[in-house]
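Tertiary structure, described
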Amino acid sequence: MALISLQMKTMINRKPIKAIFIFTCCILISLQAKAQVSETSELFLKLKTNDSLLFNVGFNACDVSQFKKLIAEDFEFYHDVAGITESKIDFIKSITDGLCGTSNPTKSRRKLVAKSLEVFPLYKNGALYGAIQKGEHEFFESVHGEPESKGSIAKFSHVWIKEEHGWKIRRVLSYDHKMQ
């Protein structure tokens, strides 16, 4: 904090107008920032439902139709272990051939960590166009029908875009994977 104060004093002594401008911009930006929406808001509930469709139905039950409905055409998936998937087609193919493939002996299940889900609206000129949804999820695995065991726990951030026919997930960040 002292370093910031020293830097601000130096800036003010050298260029007071520039310092005032930067300070004013910071204040205005912080006032414009939107906080997380309430867990009872329409936006939160809609994206929580979409999260459930993607994971409880799509991922856990291997109903790939959910991915086809909810993923945007220009989809990108960034995973800290598996790398980048740069298209909707490639992502759905990886689910169909991998996780949900008939030759895959491992059954995976994702569970949202209770009370970890947060939703932050995105606006342009006062109109809602998207939202950032973030939280934590844990994974469980069963190989060849054996009892389920704990897998990893990770954080995620999803960028949802409001399109003409509903909300579509456009970007996914899945990171900080740790074994449980």
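Quick caveat, the model's predicted, so the values are computed rather than measured. By convention here, each chain's residues receive numbers from 1 onward along its written sequence. Residue-level local features of this predicted model are given only where pLDDT is at least 70; pairs of side-chain atoms are given and counted only at 80 or more, and the full residue set underlies all totals for whole chains, interfaces and linings. Hydrogens and water molecules were not included; the side-chain quantities draw on all heavy atoms of the structure.

1. Observations concerning helix H5 (residues 88-99)
Residues that lie three or four places apart on an α-helix share one face, since the helix turns once every 3.6 residues. With 12 residues, H5 should reach 16 Å at 1.5 Å per residue; the first-to-last C-alpha distance of 16 Å fits that figure. Residue burial is assigned from relative accessible area. The probe radius is 1.4 Å, only protein chains are included, and a residue is buried under 20% of its type maximum, exposed over 50%, and partly exposed in between. Going along the chain from the N terminus, every DSSP run of H or I of four or more residues is numbered as a helix, and every run of E of two or more is numbered as a strand. Taken together, the buried positions of H5 are Lys88, Phe91, Ile92, Ile95 and Leu99. With its buried residues spanning 95° around the axis, H5 presents them on a single face. Any two residues whose heavy atoms approach within 4.5 Å are treated as being in contact. Against helix H3 (42-59), helix H4 (65-70), strand E1 (71-79), strand E2 (83-85) and strand E3 (106-112) lie the buried residues of H5. Multiply 1.5 Å by the residue count of a helix minus one, and that product is the helix's expected span. Think of it as the arc spanned by the lines of direction from the helix axis to the C-beta atoms.

2. Observations regarding the packing of aromatic side chains
Note on aromatic pairs: the rings of Phe, Tyr and Trp (six-membered ring only in Trp) are paired at centre separations within 6.5 Å, and the planes decide the class, stacked below 30 degrees, edge-to-face beyond 60, tilted for the rest. Within the structure shown, the criterion is met by five aromatic pairs. On the numbers, 6.0 Å between centres and 50° between planes, the contact of Phe55 with Phe59 is tilted. In this pair, Phe55 and Phe59 are both assigned in helix H3, four residues apart and thus about one turn of the helix distant. In this pair, the class of Phe55 matches that of Phe59, namely buried. Each member of the aromatic cluster is reached from another via a ring pair, and the members are Phe67, Phe75, Phe77 and Phe91. Comment: the charge-over-ring label is applied if NZ (Lys) or CZ (Arg) is within 6 Å of the ring centre and within 35 degrees of the ring normal. The ring of Phe55 carries Arg110 above its face, with NZ or CZ at 3.7 Å from the centroid. Over the face of the ring belonging to Phe156 we find Arg110, whose NZ or CZ atom lies 5.2 Å from the ring centre.

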